[in-house]
Amino acid sequence: MGDVLAWSEVARNIGPLVAGFWGIWIAWARSRAATRQADAAIYMLRGICDDGQYESYIGPIIETLTAYIRKRSRSDECQDMGADDLAIVDMLRDYELKRG
């Protein structure tokens, strides 16, 4: 009977530790997936702007991305620009250079 209680106590103490590590891994994986999805969206919008077939979408895309960068640059939370912000700024710069 003593062995069963000892193993029960070990399982009770280790179980939450394993669950905690599992939760941290899931949070990391979800964060990584969200970052990839944001990057894909930025490059998709860039592709739409580069394709002449979607001329009517370019103006709203540029306005939306410009407003996003403007708002982020004014917020106190954003001290440095992340990779997604830099990709948007590069896209806007390239668009302006292409326009002439």
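This is a predicted model, so every value here is computed, not measured. (Residues numbered from 1 in each chain as written. Predicted model: local features only at pLDDT ≥ 70, side-chain atom pairs only at ≥ 80, totals over all residues. Heavy atoms only, no water.)

1. So, helix 2 (residues 55-74)
Count 3.6 residues to each turn of an α-helix, and residues three or four apart come out pointing the same way. The end-to-end C-alpha distance of helix 2 is 30 Å, a good match for the 28 Å that 20 residues give at a rise of 1.5 Å each. Among all positions of helix 2, only Ile58, Ile61, Ile62, Leu65 and Ile69 are buried. Down the axis of helix 2, the buried side of the element spans an arc of 100°, and every buried residue falls inside it. For helix 2, the exposed residues lying more than 90 degrees away from the buried face are Ser56, Glu63, Thr64, Lys71 and Arg74. (Helix = DSSP H or I, 4+ residues; strand = E, 2+ residues; numbered from the N terminus. Expected span 1.5 Å × (residues − 1). Buried < 20%, exposed > 50% of the residue type's maximum accessible area, 1.4 Å probe, protein only. Arc of directions from axis to C-beta.)

2. A short note on the nonpolar core
Counting 12 residues, the largest nonpolar core is built from Ile42, Cys49, Ile58, Ile61, Ile62, Leu65, Ile69, Ala87, Ile88, Met91, Leu92 and Tyr95. Every element with two or more residues in this core is listed here: helix 1 (2-50), helix 2 and helix 3 (83-99). Each residue touching Cys49, except ones within four places of it in the same chain, is listed here: Ile58, Ile61, Ile62, Met91 and Lys98. (Core = buried A, V, L, I, M, F, W, Y, C linked by side-chain atoms within 4.5 Å. Contact = heavy atoms within 4.5 Å.)

3. Section: helix 3
Here helix 3 is 17 residues long and its end C-alpha atoms lie 24 Å apart, about the 24 Å a rise of 1.5 Å per residue gives. Along helix 3, the residues classified as buried are Asp85, Ala87, Ile88, Met91, Leu92 and Tyr95. Viewed end-on, helix 3 has its buried residues packed into an arc of 165°, placing them on one side of the element. Relative to its buried face, helix 3 has exposed residues pointing more than 90 degrees away, namely Ala83 and Leu97.

4. A short note on the pattern of salt bridges
For the coordinates displayed, the defined rule picks out 4 salt bridges. Between Asp90 and Arg93 there is a salt bridge, and its shortest N-O distance comes to 3.0 Å. Here Asp90 and its partner Arg93 are both found in helix 3, 3 residues apart, which amounts to about one turn of the helix. The class of Arg93 is partly exposed, set by a relative accessible area of 45%. (Salt bridge = Lys/Arg side-chain N within 4 Å of Asp/Glu carboxyl O.)

5. Digging into the environment of Ile69
Following the sequence through the fold, Ile69 ends up in helix 2. On the basis of relative accessible area, Ile69 is assigned to the buried category, the value being 15%. Placed 40 residues apart in sequence, Ile69 and Ala29 show a C-alpha to C-alpha distance of 26 Å. Contact partners of Ile69, with chain neighbours within four places excluded, come to Met81, Asp85, Ile88 and Val89.

6. Regarding the packing of aromatic side chains
Tallied over the full model, the rule gives 2 aromatic pairs. Ring centres 5.5 Å apart and planes at 25° place the aromatic pair Trp22 and Trp25 in the stacked group. Of this pair, Trp22 and Trp25 both sit in helix 1, 3 residues apart, which is roughly one turn of that helix. The exposed category is assigned to Trp22, whose relative accessible area is 55%. Ring geometry for Tyr54 and Tyr57: centres 5.9 Å apart, planes at 40°, overall tilted. For Tyr54, a relative accessible area of 30% puts it in the partly exposed group. (Phe/Tyr/Trp six-rings, centres within 6.5 Å; stacked < 30°, edge-to-face > 60°.)

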